[in-house]
Amino acid sequence: MTSEGRDAAQGERDISFDVCIVGCGVAGLYAALNLPRHLRIAMLSKQDVASCDSMLAQGGICVMRDHDDYDYWFDDTMRAGHNECRPQSVDTMIWSSREIINDLIRMGVEFDRTPTGDLDYTREGAHSRNRIVHHADVTGKEITTKLLARVRELRNVCIMEYTTMDDLLVKDGACVGVHAWDARGEGLAIRARDTVLATGGVGGLYEHSTNYPCLTGDGCRVCQEHGVALEHMDYVQIHPTTLFSTKPGRSFLISEACRGEGAVLLDAHGERFTDELQPRDVVSAAIRRQMQKDGTRHVWLSFANVPEEVCREHFSHIYQHCLEEGYDITREPIPVVPAQHYLMGGIHVDQDSRTQMEHLYAAGETSCNGVHGKNRLASNSLLESLVFSRLAARDIVRRRHGWIPSA
């Protein structure tokens with residue numbers, strides 16, 4: 001594949017849009033919602049639109065509760081990221097958080113409330129304060145479903161399911177769209193003035209992952225082939241707690257919020273062996289050491305300290321899935337094991353989510369804007385995806401209308 005240009009081959013369709021967004025998770029959907037309605041937008045989904053990791057996010061999404069929380073949240077993020085986070089990106093995410101949450105509520109996202117009607121804030125590992133809002137234990141599904149419903153209302157957006165991008169279209173060093181294959185196996189040259197890559201992570205490349213198998217780092221791969229810089233591709237987060245199973249397929253995540261509500265990790269003798277609210281990489285390493293010490297393939301997670309109504313209601317999805325696997329979390333501990341979960345690295349982007357190639361943007365897990373550093377703080381990812389996909393959309397509008405000069 002050449003790095004310069006590509007024409008539609010004989011028998012392939014050649015179609016044009018103003019913007020092409022590859023990926024239908026929260027990053028792709030929110031980018032579309034923040035673009036003007038007069039722009040014609042193509043959205044590509046490798047599988048059906050439900051097969052994106054945004055749908056799987058359980059714990060919640062962070063928000064700055066008040067100005068006093070800024071320093072605590074900033075320090076929590078930097079500490080979890082081993083002080084390798086870009087401070088400006090962290091700052092942008094935190095200050096944007098309340099506006100993002102309010103916008104989600106305006107679009108119909110329902111977050112859990114206290115009896116007085118206020119948002120119900122919870123805490124997860126490595127957070128010094130309760131700052132996470134949620135919808136039971138299916139927050140990602142709630143947000144993604146509502147955003148998708150809003151996008152489906154837009155007449156200027158064409159969602160193309162079962163359409164797989166395999167290359168960028170490049171002319172004079174700038175991205176002019178993507179090449180893809182549709183559900184019938186026919187080639188497509190999708191031309192666009194601006195392209196946003198929101199293709200998700202790399203979990204499909206791993207034997208054990210919480211990700212959908214179709215997430216194979218496509219955005220990162222095509223960028224590497226065209227000399228677009230990647231960053232920290234070795235920064236892969238292992239989630240400490242997935243339900244241990246000998247069945248093939250995606251690992252079922254046991255949300256960190258469970259430990260935030262009091263669930264504890266036990267060794268083979270039923271003894272607690274670590275502080276469950278440390279950063280994910282620290283807890284994962286502690287579990288691995290304990291498994292080696294005990295000669296086991298998993299450790300145990302006990303919900304004995306979690307009220308039964310919290311298990312059944314707040315963690316209803318987890319409760320039901322565990323029942324289907326033969327475990328009642330209100331009565332017994334469950335076997336858990338670490339698994340690949342999230343890519344902190346990805347396509348290098350600036351503060352406006354621009355890549356090094358003109359007219360090419362990246363947002364969500366496929367990008368690296370520096371928010372997460374070497375290790376992602378729990379529940380920062382949904383927010384980061386929304387904040388920086390909106391920045392990509394805004395930059396497209398500014399540059400399209402000549403409000404700032406093109407690079």
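Scoring rules and cut-offs
- Residues numbered from 1 in each chain as written.
- Predicted model: local features only at pLDDT ≥ 70, side-chain atom pairs only at ≥ 80, totals over all residues.
- Heavy atoms only, no water.
- Helix = DSSP H or I, 4+ residues; strand = E, 2+ residues; numbered from the N terminus.
- Rg over C-alpha atoms; globule rule 2.2 N^0.38 Å.
- Buried < 20%, exposed > 50% of the residue type's maximum accessible area, 1.4 Å probe, protein only.
- Contact = heavy atoms within 4.5 Å.
- Areas by Shrake-Rupley, 256 points an atom, 1.4 Å probe, with all protein chains shown as cover.
- Lys, Arg positive; Asp, Glu negative; His and termini not counted.
- Charge placed at Lys NZ, Arg CZ, Asp CG, Glu CD.
- Domains from an automatic or database assignment.
- Buried area = accessible area lost by both parts, 1.4 Å probe.
- Pairing = 2+ DSSP bridges.
- Axes fitted to C-alpha atoms, helices over the stretch in contact; angles between N-to-C directions.
- UniProt positions renumbered as here; feature names shortened; annotations may be inferred.
- Expected span 1.5 Å × (residues − 1).

## Describing the overall build of the chain
Part 1 of the argument: When helices and strands are tallied, the chain shows 10 helices and 16 strands.
Part 2 of the argument: Scaling as 2.2 N^0.38, a compact globule of 407 residues should have a C-alpha radius of gyration of about 22 Å, and the chain matches this with 21 Å.
Part 3 of the argument: The proportion of buried residues among the 407 residues of the chain is 58%.
Part 4 of the argument: Once local pairs closer than 6 in sequence are excluded, the contacts in the chain between residues at least 24 apart make up 70%.
Part 5 of the argument: Accessible surface computed for the chain: about 16500 Å², of which carbon and sulfur atoms make up 48%.
Part 6 of the argument: Distance between charge centres in the chain, computed from 43 positive and 58 negative side chains, equals 3 Å.

## Remarks on the domain arrangement of the chain
Part 1 of the argument: Domain boundaries in the chain define domain 1 (13-234 + 344-401) and domain 2 (238-341).
Part 2 of the argument: Of note, the centres of domain 1 and domain 2, computed from C-alpha atoms alone, are 28 Å apart.
Part 3 of the argument: On the side of domain 2, 25 residues touch domain 1, which itself brings 27 residues to the contact.
Part 4 of the argument: A combined buried area of about 2200 Å² lies between domain 1 and domain 2, and 48% of that area is made up of carbon and sulfur atoms.
Part 5 of the argument: By the criterion of area lost to domain 2, the three top residues of domain 1 are Gln58, Asp137 and Thr210, representing 29% of everything that side buries.

## Regarding the sheet that holds strand 10 (residues 236-243)
Part 1 of the argument: Reading across the sheet, the four strands line up as 10-13-12-11 and stay open at both edges, with antiparallel pairing between neighbours. Single-partner strands in this sheet number two, and they are strand 10 and strand 11 (264-266). For this sheet, the mean inter-axis angle between neighbouring strands, taken without regard to orientation, is 45 degrees.
Part 2 of the argument: Contacts between helix 7 (residues 280-294) and the sheet are confined to strand 10, strand 11, strand 12 (299-302) and strand 13 (334-343), with strand 10 contributing the most and set at about 60 degrees to the helix.

## Some thoughts on the UniProt feature "domain: FAD-dependent oxidoreductase 2 FAD-binding" (unreviewed entry) in the chain
Part 1 of the argument: UniProt marks residues 18-382 with the feature "domain: FAD-dependent oxidoreductase 2 FAD-binding" (unreviewed entry), using the numbering shown here.
Part 2 of the argument: Split by type, residues 18-382 is 27% helix and 22% strand. Its first and last C-alpha atoms lie 26 Å apart.

## Topic: helix 10 (residues 381-400)
Part 1 of the argument: An ideal rise of 1.5 Å per residue puts 28 Å on 20 residues; helix 10 measures up with 28 Å between its terminal C-alpha atoms.
Part 2 of the argument: Among the 20 residues in helix 10, 17 count as buried, and that is most of the element.

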